[in-house]
Amino acid sequence: MKDAAAISSSQPKFSAAAGRRFCFIHVGTHKTGTTSIQAFLRDNESRFARHGVIIPRAGRGEDLAGHHNLTQELLGAPGFVAERGGLADIVAELARSTAPRAVVSSEDFSLLSRSHDALITLRDAIARTGFAPAIVIYLRPQIPYCISLYAEIVKNGNLKPFAQYLSELLEHGSFMWNGALGPLCRYDILLERFAAVFGREFVVVRRYRSNAPRNLLLRSFARLVIGSRVTLRGYTYPPERYNPSLSFRRVLHALDIEAPAMDMRFAPLDLRGLLELSGAFWPVNVRVARRYGTWIPPCDATDVLLALPWRKSPQRTAALARARAALRLPAKADVAVHAGDVHG
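Residues numbered from 1 in each chain as written. Predicted model: local features only at pLDDT ≥ 70, side-chain atom pairs only at ≥ 80, totals over all residues. Heavy atoms only, no water.

### Some words on the packing of aromatic side chains
Okay, step 1: Under the counting rule described, the total for this entry stands at 16 aromatic pairs.
Okay, step 2: Here the aromatic rings of Y150 and Y165 are separated by 4.9 Å at their centres, their planes lie at 50 degrees, and the arrangement is tilted. Residue Y150 is found in helix α7 (residues 142-155), and its partner Y165 is found in helix α8 (residues 162-172); the two are separated by 15 residues along the sequence. Y165 matches Y150 in its accessibility class, with the two residues each being buried.
Okay, step 3: These aromatic residues form a ring-pair network of at least three members: Y150, F162, Y165, F175, F248 and F266. (Phe/Tyr/Trp six-rings, centres within 6.5 Å; stacked < 30°, edge-to-face > 60°. Helix = DSSP H or I, 4+ residues; strand = E, 2+ residues; numbered from the N terminus. Buried < 20%, exposed > 50% of the residue type's maximum accessible area, 1.4 Å probe, protein only.)

This is the structure:
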């Protein structure tokens, strides 16, 4: 692909040999292993430091190395806690550092695509410290991404009917969240908003694979930040996967829908729904591949298998049919959640 090759050749060299100091802004997206990456950063903070990487302590929560307090500040969200530090504190920390690289991480950075001014504020603040800001974004095929997002918002109290959720995805490429659009599944629009501020050559796009070998995501992220030749000996890896998605039974229970359902994987789309949604995102992802050199299919083979009506036994096949039929019933409430409640 000619465009992809051109983009690849224009990507900056993120190494000391390039003579620049880079601050990697890991922007998620949601449900792409971000919590695992943040736990990995926290558990190996001293090791990253020995490799010349600073992970600012300001703007973080109490448990992980996720800079969610910073994103709350930039989003103007009520969850911002001044005592945990914000942009000014992170800027001061970076300005004092002599490290050649830095990392800030929060999946809610992806929500800053709503505000051109907020992105400029973040870019200029980091640039003043002597670091060149670079965006790192992981994208998941939209079908499992949208399904996982729906289960997550339901878990956090946003009881939007699934039919309405699908309708909003097809119309907007996202869903309505607190009176505004939530995370964008139109990846072309999402990336172009970051590229317009940071420069397309400073937007690194990676595909997230849920079925990748254990810890491959963490190793590839570390090598991007530190350098590809690092062996990563002695690094600690999270013992478990964070934020697993809800089962079909738990989604129905959260929606207060009374229907018997076996404890099976949440697979609400049939083949017709999968094809409709995949068709909407296919041209979007073609544009992403041409501009950024990374192909993200709208769905994986697993998603096709999950869309089939049949399961391993007649009992599970019948249970899936009942669960999908029950999900089409209207929910009893539509309760909004605060920005920042969807993590993982």
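### Description of the sheet that holds strand β1 (residues 22-26)
Okay, step 1: If you trace the 5 strands from one edge of the open sheet to the other, you get β2-β3-β1-β4-β7, paired in parallel fashion. What marks the edges here is a single partner per strand, and that holds for β2 (53-54) and β7 (203-207).
Okay, step 2: Two elements, β1 and strand β4 (residues 132-139), share 5 bridges in a ladder whose sense is parallel. Directly across from I25, in β4, lies its bridge partner I135.
Okay, step 3: Each of β1, β4 and β7 is contacted by helix α9 (residues 187-198), which is oriented at about 175 degrees to β4, the strand it contacts most.
Okay, step 4: Packed onto the sheet, helix α10 (residues 216-226) meets β1, β2, β3 (101-105), β4 and β7 and runs at close to 165 degrees relative to β4. (Pairing = 2+ DSSP bridges. Contact = heavy atoms within 4.5 Å. Axes fitted to C-alpha atoms, helices over the stretch in contact; angles between N-to-C directions.)

### Here we look at the confidence of the model for the protein
Reading fine detail from the predicted coordinates is not recommended where pLDDT is low.
Okay, step 1: Summary statistics for the protein give a mean pLDDT of 89 and a share of 90% for residues scoring 70 or more.
Okay, step 2: Note on residues 1-10: pLDDT under 50 across the span, and 11 contacts to partners over four residues away in sequence or across chains.
Okay, step 3: Below pLDDT 50 for its whole length, residues 333-341 participates in 25 contacts with residues either more than four positions away or in separate chains. (pLDDT = per-residue confidence, 0-100.)

### What about the pairing of β3?
Okay, step 1: By the criterion of burial, β3 is predominantly enclosed, with 5 of the 5 residues buried.
Okay, step 2: Covered by surrounding structure in β3 are R101, V103 and S105 together with A102 and V104, the residues of both alternating faces.
Okay, step 3: Looking at chain direction, β1 and β3 are connected through 5 bridges and run parallel. In the sheet register, I25 faces β3, and the bridge partner there is V104.
Okay, step 4: With 2 bridges joining them, β2 and β3 adopt parallel strand pairing. Its bridge partner lying in β3, V53 is registered against R101.

### Here we look at unusual backbone geometry
Glycine aside, a negative phi is what most residues show, and trans is what most peptide bonds show.
Okay, step 1: Residue G28 is joined to T29 through a cis peptide bond whose omega torsion reads 15 degrees.
Okay, step 2: Among the secondary structure elements, T29 is positioned in the loop between β1 and α2 (34-43).
Okay, step 3: Phi is positive for K31, close to 60 degrees, though the residue is something other than glycine.
Okay, step 4: Mapped onto the elements, K31 comes out in the loop between β1 and α2.
Okay, step 5: For K31, a relative accessible area of 5% corresponds to the buried category.

### Observations regarding the pattern of salt bridges
Okay, step 1: For the structure shown, the criterion picks out 12 salt bridges.
Okay, step 2: For E152, the salt bridge goes to K155, with nearest N and O atoms at 3.4 Å. Separated by 3 residues within a single helix, E152 and K155 lie in helix α7, roughly one turn from each other.
Okay, step 3: Residue classification places E152 among the buried positions, given a relative accessible area of 5%.
Okay, step 4: Given the relative accessible area of 35%, K155 is considered partly exposed.
Okay, step 5: The shortest N-O distance in the salt bridge between D188 and R186 comes to 2.9 Å.
Okay, step 6: In this structure D188 comes out as buried when scored by relative accessible area, which is 5%.
Okay, step 7: What makes R186 partly exposed here is its relative accessible area of 25%. (Salt bridge = Lys/Arg side-chain N within 4 Å of Asp/Glu carboxyl O.)

### Overview of the side chain of T294
Okay, step 1: Summarising the element assignment, T294 is placed in the loop between α12 (271-292) and α13 (301-307).
Okay, step 2: A distance of 3.0 Å separates the side chain of T294 from the backbone oxygen of V205, its partner in a polar contact.
Okay, step 3: Sequence-distant contacts of T294, that is, excluding residues within four places in its chain, are made with V205, R206, R207, V288 and A289. (Polar contact = N/O pair within 3.5 Å; in protein donor to acceptor, adjacent residues only side chain to side chain.)

### Considering the state of the cysteines
Okay, step 1: What the rule picks out here adds up to 0 disulfides.
Okay, step 2: Here C146 is not disulfide-linked; the sulfur of C185 is the nearest cysteine sulfur, at 3.5 Å.
Okay, step 3: Among the residues examined, C146 registers a relative accessible area of 2% and is labelled buried.
Okay, step 4: With no disulfide of its own, C299 lies closest to C146 among cysteine sulfurs, the gap being 11 Å. (Disulfide = S-S within 2.5 Å.)

### Details of the environment of L308
Okay, step 1: As for its position among the elements, L308 is in the loop between α13 and α14 (314-327).
Okay, step 2: As for L308 and N44, which are separated by 264 residues in sequence, their C-alpha atoms are 42 Å apart.
Okay, step 3: If sequence neighbours within four positions are ignored, L308 has contacts with L271, L320 and R324.

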